[in-house]
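Spelled out from the first residue to the last, the chains are:
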Amino acid sequence: MLQRFFCEGILKIKLYLVQHAKATSKDVNPERPLTEEGRQDINKVATFIRPLNIAVDYLWHSDKTRAMQTAGVLAEVMTVRNKVVAHDGLAPNDDVRTIMDKINVAGQDVMIVGHLPFVAKLASLLLTGSESTSTVAFKQGGVVCLGYSDECNWQIKWMIIPDLFL
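Because the structure is a prediction, the values reported are computed rather than measured.

Student: Describe the pattern of salt bridges, with residues and values.
Tutor: All told, the structure shown has three salt bridges when counted by the stated rule. With a shortest N-O distance of 2.9 Å, Arg39 and Glu36 are connected by a salt bridge. On the criterion of helical spacing, the pair formed by Arg39 and Glu36 is a turn pair, its members being three residues apart in helix α2 (residues 36-49). Looking at Glu36, the relative accessible area reads 46%, which means it is partly exposed.

So, in structure tokens, the structure goes:
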């Protein structure tokens, strides 16, 4: 069980969940790269988080262009101890339990750049034990920081979304 592993190991890890920034529609470009607005939004978020000196062991993103581009912008303003990589199992409708198990095994700080409903389900599963409970209102280009607490459970530490910047 995830909680037992972290409590016994007394690990203090952080998990950053990011919904990719706004992308073009399939009709405009089937690859769905970021729109100009999406690039501006993720750059605003990146500028805000730069002074936080975020460091992660892993930065995983889905293999979709919009997630890769979002991850690339964020990777420029933080320390990634290992490679920024496209990771299997991060598509919108993939099973979140598989990734939860990989976070458990890694036992290190991770940033995941993905899609709805995946990131919302993962956050809900970690925070409540149920992926069907809606716990976080993700926004495109937003970052949610979860931390494993002294009470041996996941908690939301902070959240930043592009709408906060004018």
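Student: Describe the sheet that holds strand β7 (residues 143-148), and please don't skip the residues or the numbers.
Tutor: Spatial ordering of the open sheet is given by β5-β3-β6-β1-β7-β8, a layout of six strands whose pairing is mixed. Both outer strands of the open sheet, β5 (84-86) and β8 (154-160), are each paired with one neighbouring strand and no more. The average undirected angle you get between the axes of adjacent strands in this sheet is 20°. Examined bridge by bridge, strand β1 (residues 14-19) and β7 share five bridges and lie antiparallel to one another. Residue pairing for β7: Tyr16 is matched across the bridge by Cys145. Packed on one face of the sheet, helix α4 (residues 96-106) meets β1, β3 (58-61), β6 (110-114) and β8 and runs near 170° to β3.

Student: Describe in detail the nonpolar core, supporting the description with residues and values.
Tutor: Nonpolar side chains tend to gather and get buried jointly when the protein is soluble and globular. Formed by 23 residues in total, the largest nonpolar core has its most connected members in Leu15, Leu17, Ile99, Ile103, Ile112, Leu122 and Trp154. Counting residues per element, the ones that place at least two in this core are β1, α4, β6, α5 (118-128) and β7. A per-element tally of this core places α5 first, with six residues. Excluding its chain neighbours within four sequence positions, the residues that come into contact with Leu15 are Ile103, Val110, Ile112, Leu126, Val144, Cys145, Leu146 and Trp154. Ranked by size, the runner-up nonpolar core spans 22 residues in total, among them Val18, Val45, Ile49 and Cys145.

Student: Talk me through the side chain of Ser124; I want residue IDs and the actual numbers.
Tutor: Mapped onto the elements, Ser124 comes out in helix α5. There is a polar contact of 3.1 Å between the side chain of Ser124 and the side chain of Thr135. When neighbours within four sequence positions are excluded, Ser124 is seen to be in contact with Gly129, Ser130, Glu131, Thr133, Ser134 and Thr135.

Student: Any details on the environment of Lys14? Residues and values, ideally.
Tutor: Position of Lys14 among the secondary structure elements: in strand β1. Overall, the relative accessible area of 38% leaves Lys14 in the partly exposed class. Distance from Lys14 to Gln108, taken between C-alpha atoms, is 7.4 Å for residues 94 residues apart in sequence. In contact with Lys14, not counting residues within four places along its chain, are Gln108, Asp109, Val110, Cys145, Leu146 and Gly147.

Student: I'd like a description of the pairing of β1, backed by residues and values.
Tutor: Along β1, five of the six residues are buried, which leaves the element largely enclosed by surrounding structure. With five bridges joining them, β1 and β6 adopt parallel strand pairing. Residue Val18 lies in a different strand from β6, and its bridge partner there is Val113.

Rules of the game
- Residues numbered from 1 in each chain as written.
- Predicted model: local features only at pLDDT ≥ 70, side-chain atom pairs only at ≥ 80, totals over all residues.
- Heavy atoms only, no water.
- Salt bridge = Lys/Arg side-chain N within 4 Å of Asp/Glu carboxyl O.
- Helix = DSSP H or I, 4+ residues; strand = E, 2+ residues; numbered from the N terminus.
- Buried < 20%, exposed > 50% of the residue type's maximum accessible area, 1.4 Å probe, protein only.
- Pairing = 2+ DSSP bridges.
- Axes fitted to C-alpha atoms, helices over the stretch in contact; angles between N-to-C directions.
- Contact = heavy atoms within 4.5 Å.
- Core = buried A, V, L, I, M, F, W, Y, C linked by side-chain atoms within 4.5 Å.
- Polar contact = N/O pair within 3.5 Å; in protein donor to acceptor, adjacent residues only side chain to side chain.

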